[in-house]
Structures are given as C-alpha cells and as structure tokens.
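# Report on the structure
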Amino acid sequence: VSAPSDVLSGFMPELLARQITARSEPIQGWTSDACEMAVLGLDISESTLIIEDVVKWSPDGSEHIADALNSVFTLLADVIIEHGGSVVTLAGDEIVAVWPTAETGGASTAALWAARAAVVIQEKASLLAPVGGYPIRLRAGIGVGPAWLLDIGREQGRRVFVPVGPAIHEMTYAQKAVAAAETGISEAVRSLLGGRARTEAASGRTAVCRLTAMDPV
C-alpha cells in the first residue's frame, strides 16, 4: 500500500509523512486498534540552518552536530520517561512521545503528565549550550485523542512503526501555532488541564493555547 505525503500529513507530522513516502518498502498496514492518548511532539527549531552552518565552518562539524543532537534527544527521552511517557518516534530533528489513557488513569492524567514533561523539557533546553552559536530551542505541541500504530516496513532488519490518527494531527496543529521555545496545546488539552495550567492565547491559530507554566506536583 502506498500513500502520498499530503494524505499522510493529515494524520502525522509532515517530516514523518515525507520520510514514509520516500521509502522503497511499501506500508504494511495498521497494527493496533485505536486507543486514547495524550501526545507530545517536539522539534528543534532552525535545525537545518544549524547543521548547515556548523558543518560548513567547522572541520569536525558533522561529529559536533551528532554529539549535540544525541545530548538533546537523550535529555528529552529522560524527561519523558521520568514523567511516565513512552518515546515512539525519533526522526531527524523530531521526537514524539505518548501517554495512553488506559495506562495513566484517564485522559486528564495523561494530558497532565505530558504537559509537565513539556514544561520541564523547555526549562532544561533553555540551559543547553549553544551549538555553533545557535541556541537550542524546541517547538512543542500537545494533543489528545485516538491514535494507532502504522507499520511502514523494515529498516536495518527491524520493523518500523509510527503513531497516526487524530491525536497526532491535533498535536501537530498545536505545535505549528507557537514559536520556537514555546509549547502549544489544543483546546481539548487545555480543558483537561483546567486550573493546573497557566496558558495564553496563541496568535498563530484558533483553538490553540500557549502553555506557560504548570502547578507544582
């Protein structure tokens, strides 16, 4: 089964849609029933510019970039795991983590843990050393709703899965509504968080808020 990237991008981040479309092995099919979850997506802002400049002007630029990205993604994964989430996708400069409601005790708790993880990640990212003079800034988005796994074939002998569905679309929409170093949340997520979150209106798109702080645990 093949699918154009413009169709897939309605259900998953655009980067993943492009990578899937470019694969030589066809999509195998759905591999799980849809389940409710909170989804956190993060990407490194201006990553292409950072990589191009560092590689161009530094003799060991490629190695420097690899080490920097490894440090960033290790930090993200550690915080996500500490907050009860699971990293399901790591592609290029983007990472996607999920909190299934069945495992967290409901949608409200799942959204709460995802939001707290996002706040901690943004705080820690702001303290990272610049790479090639560029600060590491993460654009984040949180959505909630049904999602499932798509089997997109094999890579280096291992099956590759990506999460797809309305929850991913909602997360991506919220992420695009905010600037670098900010976290966007859908209206559904804001409602679930209630008074435990401090939010502001996002100027980019309707039905999205900017998450600025969370009440302490």
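Scope of this entry: the structure provided in the associated data block. (Residues numbered from 1 in each chain as written. Predicted model: local features only at pLDDT ≥ 70, side-chain atom pairs only at ≥ 80, totals over all residues. Heavy atoms only, no water.)

## Some thoughts on the overall build of the chain
For the chain, the helix and strand inventory stands at eight helices and nine strands. Counting the 217 residues in the chain, one finds 44% classified as buried. Summing over all exposed atoms, the chain offers an accessible surface of approximately 10600 Å²; the carbon and sulfur share of this is 54%. (Helix = DSSP H or I, 4+ residues; strand = E, 2+ residues; numbered from the N terminus. Buried < 20%, exposed > 50% of the residue type's maximum accessible area, 1.4 Å probe, protein only. Areas by Shrake-Rupley, 256 points an atom, 1.4 Å probe, with all protein chains shown as cover.)

## Notes on helix α6 (residues 107-125)
With 19 residues, α6 should reach 27 Å at 1.5 Å per residue; the first-to-last C-alpha distance of 27 Å fits that figure. A110, A111, L112, A114, A115, R116, A117, A118, V119, I121, Q122 and A125 are the residues of α6 that are buried. (Expected span 1.5 Å × (residues − 1).)

## Comments concerning the side chain of T104
Considering the arrangement of structural elements, one finds T104 in helix α5 (residues 101-104). A polar contact of 3.1 Å, which involves the side chain of T104, links it to the backbone oxygen of P100. Non-local contacts of T104, meaning those with residues more than four positions away in its chain, are made with W99, T109 and A110. (Polar contact = N/O pair within 3.5 Å; in protein donor to acceptor, adjacent residues only side chain to side chain. Contact = heavy atoms within 4.5 Å.)

## Overview of the environment of S126
Here S126 lies in the loop between α6 and β5 (138-155). Accessibility expressed as a relative area gives 56% for S126, which makes it exposed. For the pair formed by S126 and R137, sequence separation is 11 residues and the distance between their alpha carbons is 7.0 Å.

## Points about the pairing of strand β9 (residues 208-214)
Sheet topology places strand β7 (residues 183-186) next to β9; four bridges connect them, and they run antiparallel. Residue pairing for β9: G184 is matched across the bridge by R210. (Pairing = 2+ DSSP bridges.)

## What to know about helix α7 (residues 166-176)
Those residues of α7 that fall on the buried side of the exposure criterion are A167, I168, M171, T172, A174 and Q175. Along the long axis of α7, the arc covered by the buried residues comes to 165°, so they all point the same way. (Arc of directions from axis to C-beta.)

## Side note on the side chain of T183
Within the element layout of this structure, T183 appears in strand β7. Polar side-chain contacts of T183 include one of 3.2 Å to the side chain of Q122. In contact with T183, not counting residues within four places along its chain, are A118, Q122, A140, I142, V178, C209, R210 and L211.

## A closer look at the packing of aromatic side chains
Using the criterion set out here, one finds zero aromatic pairs in the structure. Seen from the ring of W113, R116 lies directly overhead, with NZ or CZ sitting 6.0 Å from the centre. (Phe/Tyr/Trp six-rings, centres within 6.5 Å; stacked < 30°, edge-to-face > 60°. Lys NZ or Arg CZ within 6 Å of the ring centre and 35° of its normal.)

## Section: the nonpolar core
Counting 37 residues, the largest nonpolar core has L40, L42, W99 and L193 as its most contacted members. With 10 residues, the top contributor of residues to this core is α6. Apart from residues no more than four positions distant in its own chain, L193 is found in contact with A111, L112, A115, I185 and M214. Listed in part, the eight residues of the second largest apolar core include V96, V98, A147 and A167. (Core = buried A, V, L, I, M, F, W, Y, C linked by side-chain atoms within 4.5 Å.)

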